[in-house]
Amino acid sequence: MGVLTYTDEHTSPVAPARIFKASILDSHILMPKLLTDAIKSIELIKGDGGAGSIKQINFAGGFAKYQIDEVDEKTFTYKYTLIEGNGISDKIEKVSYDIKFEGSPDGGSISKMTTTIYTHGDFEIKEEELKAGKEKVLGLYKVVEAYLLKNPDAYV
């Protein structure tokens with residue numbers, strides 16, 4: 001098994017508590033509303049939404065199941081592992097994400113995400129595939145950020 005880990009950082013003018021609640025805690029409500037063409041629904045398959053729970057994102061062209069490994073509303077930390085569906089294949093066993101939102105000096109936030117991809121055998125992921133994945137994730141945060149900036153009373 002191969003393991004590839006990389007870290008991304010993104011700054012936002014939105015406070016950590018707001019962006020955490022909108023993009024993580026209420027993702028099952030907000031994401032299908034904001035991304036109607038891409039995300040049809042997000043369902044809780046098992047558990048209560050806390051650690052050990054399993055959620056399924058239903059896309060227009062497939063699905064992805066992930067297990068919540070940790071959710072901490074005090075430290076704005078969220079860890080989850082993609083375990084089935086889009087993104088998982090005979091070459092990729094699982095993908096783990098560790099996300100933390102921290103306050104920035106200007107009242108906004110800094111999001112730090114560590115992604116760990118576990119591959120089967122000696123499979124190597126191409127740089128352009130990594131870049132495409134990073135851009136998708138950043139795009140999701142940008143959509144949530146834009147919504148929160150347009151709606152300053154949401155998720156306060």
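Residues numbered from 1 in each chain as written. Predicted model: local features only at pLDDT ≥ 70, side-chain atom pairs only at ≥ 80, totals over all residues. Heavy atoms only, no water.

Draft legend 1. Focus on the nonpolar core. Y78, I99 and L148 are the most contacted members of the largest nonpolar core, which has 33 residues in total. Where this core is concerned, the elements lending two or more residues are α1 (16–25), α2 (27–34), β2 (39–46), β4 (62–72), β5 (77–85), β6 (92–103), β7 (109–119) and α3 (127–150). (Core = buried A, V, L, I, M, F, W, Y, C linked by side-chain atoms within 4.5 Å. Buried < 20%, exposed > 50% of the residue type's maximum accessible area, 1.4 Å probe, protein only. Helix = DSSP H or I, 4+ residues; strand = E, 2+ residues; numbered from the N terminus.)

Draft legend 2. Seen up close, the packing of α1 against α2. Across the interface, α1 lies against α2 with an axial gap of 6 Å and an inter-helix angle of 80°. Comparing their axes, α2 and α1 come out roughly perpendicular. Across the interface between the two elements, A22, S23, I24 and L25 of α1 pack against S27, H28, L30 and M31 of α2. Among the residues forming the contact of α1 with α2, the class breakdown is 5 nonpolar, 3 polar and no charged. (Axes fitted to C-alpha atoms, helices over the stretch in contact; angles between N-to-C directions. Parallel < 35°, antiparallel > 145°, perpendicular 65-115°, else oblique. Contact = heavy atoms within 4.5 Å. Nonpolar A, V, L, I, M, F, W, Y, C, P; charged D, E, K, R; others polar.)

Draft legend 3. View of the packing of aromatic side chains. Applying the stated rule across the entire model yields 6 aromatic pairs. Residues F20 and F101 carry aromatic rings whose centres are separated by 6.0 Å and whose planes lie at 75° to one another, so their mutual orientation is edge-to-face. In this pair, F20 is assigned in helix α1 and F101 in strand β6, connecting sequence segments 81 residues apart. F101 shares its class with F20; the two are buried. Aromatic pair F101 and Y141: ring centres 6.0 Å apart, planes at 70°, arrangement edge-to-face. Of this pair, F101 sits in strand β6 while Y141 is found in helix α3, placing the two residues 40 residues apart along the sequence. (Phe/Tyr/Trp six-rings, centres within 6.5 Å; stacked < 30°, edge-to-face > 60°.)

Draft legend 4. Representation of the pattern of salt bridges. With the rule as written, the count across this model stands at 5 salt bridges. The closest approach of N and O atoms between E84 and K65, which form a salt bridge, is 4.0 Å. Taken as a pair, E84 in strand β5 and K65 in strand β4 lie far apart in primary sequence, 19 residues in all. A residue is classified by how much of its surface remains accessible, and E84, at 35% relative accessible area, is partly exposed. The partner of E145 in a salt bridge is K142, with the nearest N and O atoms 3.7 Å apart. (Salt bridge = Lys/Arg side-chain N within 4 Å of Asp/Glu carboxyl O.)

So yeah, pure geometry; function would need other evidence.
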